[in-house]
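Working through the structure, step by step
The residues making up each chain are set out below.
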Amino acid sequence: MSKFKTIAVIILMLALIITIFILSDFSESNTSTADYYIENSEKDTAAINAVTAIYLNYRVYDSIFETLILLVSVSAVIHFSWRKDHE
Amino acid sequence: MSDKSYLMSHFIGFMYPIILLIGVYIIVNGHQSPGGGFHGGAVLATVFICRYLENPNEDLRIHSLEILEKLLFFLILLLPVVLLFNNISMSIISNKLYLLIMNILIGLKVCTGLSIIFYRFVFYEGGGIWN
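Notes on the structure in this doc start here. (Residues numbered from 1 in each chain as written. Chains lettered and ligands numbered in written order. Predicted model: local features only at pLDDT ≥ 70, side-chain atom pairs only at ≥ 80, totals over all residues. Heavy atoms only, no water.)

A look at the overall build of chain B
To keep things clear, this is the line we draw: The helix and strand labels rest on DSSP assignments: H or I over at least four residues marks a helix, E over at least two residues marks a strand, and numbering proceeds from the N terminus. Each residue is placed in one exposure class: buried if its accessible area under a 1.4 Å probe, protein chains only, is under 20% of its type's maximum, exposed if it is over 50%, and partly exposed if it falls in between. Note on contacts: a residue pair is in contact if any heavy atoms of the two residues lie within 4.5 Å. Areas reported as accessible are Shrake-Rupley estimates using a 1.4 Å probe. Residue values count occlusion only from the protein chains shown.
Broken down by element type, chain B carries four helices and zero strands. Counting from the amino terminus, chain B carries its helices and strands in the arrangement α-α-α-α. Taken over 131 residues, chain B has a buried fraction of 37%. Contacts in chain B between residues far apart in sequence, at least 24 positions, make up 72% of those at least 6 positions apart. In the form shown here, chain B has an accessible surface area of approximately 7700 Å², with 72% of it arising from carbon and sulfur atoms.

Listed below in structure tokens is the structure:
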């Protein structure tokens, strides 16, 4: 069993190192989208806060599915309750 | 020894309107200052947690909160579909109104969702220890 655990730990460490190596690859940073948002967000959407302009106008799918995630987690909490009576 | 702390109940009664004011301010000013629906909704959900600390009774109708949350999600889905995805070029005022309404809807939905999760964890997860 200890051999199994050693192999599993080695594989996990390798996966972690590869993930860190992939994520830390910032050699060529492309900021054209961010520059566009910073320059044009107030003119396009009339929102002074650029974050609101992004999450309610440019990326409104993102906030819709973020609220859906909360709805699904509420359903999961209700479904897996220890007490089964509903009200 | 009474089961309700004098200090906690009075301090929470003092903090109630301040928390409500901060939450509503964060939601309504979401398009002008840092904040928005998600943060303001989390602040508003604190009011329900304070309500539990002050008065731990199961007299809140959680089922109506669930129905309200589903209705709010339907409205959040409906508003961008009607306004944004139809290639209607919205003017400045209408887009500000759209941002305000979406922030209010998202804030109320996050508030109801977090309150439901909190009350379900408090009252429905006991494992037979308390009853």
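So that's the structure; there's more coming.
As for the interface of chain B and chain A
Basically, it comes down to this: Values labelled buried area give the accessible surface lost by two parts on being combined, using a 1.4 Å probe and summing over both. When a carboxyl oxygen of Asp or Glu is within 4 Å of a side-chain nitrogen of Lys or Arg, the pair counts as a salt bridge. Only Asp, Glu, Lys and Arg are considered charged in this grouping, and only Ala, Val, Leu, Ile, Met, Phe, Trp, Tyr, Cys and Pro are considered nonpolar; every other residue, Gly among them, is considered polar.
Residue-level contacts link 45 residues of chain B with 30 residues of chain A. In this assembly, chain B packs against chain A so that about 3200 Å² is buried in total across both faces, 64% of it on carbon and sulfur atoms. It is Phe-38, Arg-120 and Tyr-124 of chain B that lose the most area in chain B upon contact with chain A, and together they represent 19% of the buried surface on that side. On inspection of chain B and its partner chain A, the count reaches zero salt bridges. Among the secondary structure elements, those contributing two or more residues to the side of chain B that touches chain A are α2 (37-54), α3 (62-83) and α4 (92-124) of chain B. When grouped by side-chain class, the residues that make up the side of chain B that touches chain A number 21 nonpolar, 15 polar and nine charged.

Brief notes about the nonpolar core
Considering soluble globular proteins, one finds that nonpolar side chains tend to be buried as a cluster. As a reminder, the rule being used: Residues enter a nonpolar core if they are buried and are Ala, Val, Leu, Ile, Met, Phe, Trp, Tyr or Cys, with the set joined through side-chain atoms within 4.5 Å.
Counting 15 residues, the largest nonpolar core has Leu-56 of chain A together with Met-102 and Ile-106 of chain B as its most contacted members. Among the elements of the structure, α3 (50-58) and α4 (60-79) of chain A together with α3 and α4 of chain B are those that each provide at least two residues to this core. With six residues, the single largest contributor to this core is α4 of chain B. When neighbours within four sequence positions are excluded, Ile-106 of chain B is seen to be in contact with Leu-56 and Thr-67 of chain A together with Gly-37, Phe-38 and Ile-76 of chain B.

Some points on the pattern of salt bridges
Between side chains of opposite charge, a pair can form as their charged atoms come close. Residues and elements named next belong to chain B. Evaluation of the coordinates by the stated rule reveals one salt bridge over all chains. Salt-bridge contacts for Glu-69 lead to Lys-109; the nearest nitrogen and oxygen are separated by 3.0 Å. Of the two residues, Glu-69 is situated in helix α3 and Lys-109 in helix α4; the sequence distance between them amounts to 40 residues. Exposure remark for Glu-69: the relative accessible area of 1% places this residue in the buried category.

Comments concerning α3 of chain B
Each turn of an α-helix holds 3.6 residues, which means side chains three or four residues apart point in the same direction. Residues and elements named next belong to chain B. What counts is decided by this rule: In this analysis, the expected span of each helix is defined as 1.5 Å times one less than the number of residues it contains. The arc under discussion is defined with respect to the helix axis, by the directions toward the C-beta atoms.
Its 22 residues give α3 an end-to-end C-alpha distance of 32 Å, which sits within 8% of 32 Å, the value for a rise of 1.5 Å per residue. Where α3 is concerned, the buried positions are Ile-62, Leu-65, Glu-66, Glu-69, Leu-72, Phe-73, Ile-76 and Pro-80. Down the axis of α3, the smallest arc covering the buried residues is 125°, so these residues share one side. Exposed side chains of α3 directed beyond 90 degrees from the buried face belong to Lys-70 and Leu-71.

Here we look at α4 of chain A
Residues and elements named next belong to chain A. Helix length check: α4, at 20 residues, gives a terminal C-alpha distance of 29 Å against a target of 28 Å (1.5 Å per residue), a fit within 8%. Val-60, Ser-63, Ile-64, Thr-67, Leu-70, Leu-71, Val-74 and Val-77 are the residues of α4 that are buried. End-on view of α4: buried residues confined to an arc of 145°, all on one side of the axis. Every exposed residue of α4 that faces more than 90 degrees away from the buried side is listed here: Tyr-61, Ile-69, Val-72 and His-79.

Comments concerning a nonpolar patch on the surface
The line we're drawing: Residues enter patches when they are more than 30% accessible in relative terms and free of salt bridges; like-charged ones are connected within 9 Å and nonpolar ones (Val, Leu, Ile, Met, Phe, Trp, Tyr) within 5 Å.
Taken together, the side chains of Ile-10, Leu-14, Ile-18, Phe-21 and Ile-22 of chain A present a nonpolar region at the surface, about 550 Å² in accessible area. Take Ile-22 of chain A: it is sitting in helix α1 (residues 2-23).

As for the side chain of Asn-95 of chain B
Stated formally: Polar contacts, as used here, are pairs of N or O atoms within 3.5 Å; protein pairs need one atom able to donate a hydrogen and one able to accept it. Residues neighboring in sequence count only if both atoms are side-chain atoms.
Summarising the element assignment, Asn-95 of chain B is placed in helix α4. There is a polar contact of 3.0 Å between the side chain of Asn-95 of chain B and the backbone oxygen of Thr-45 of chain A.

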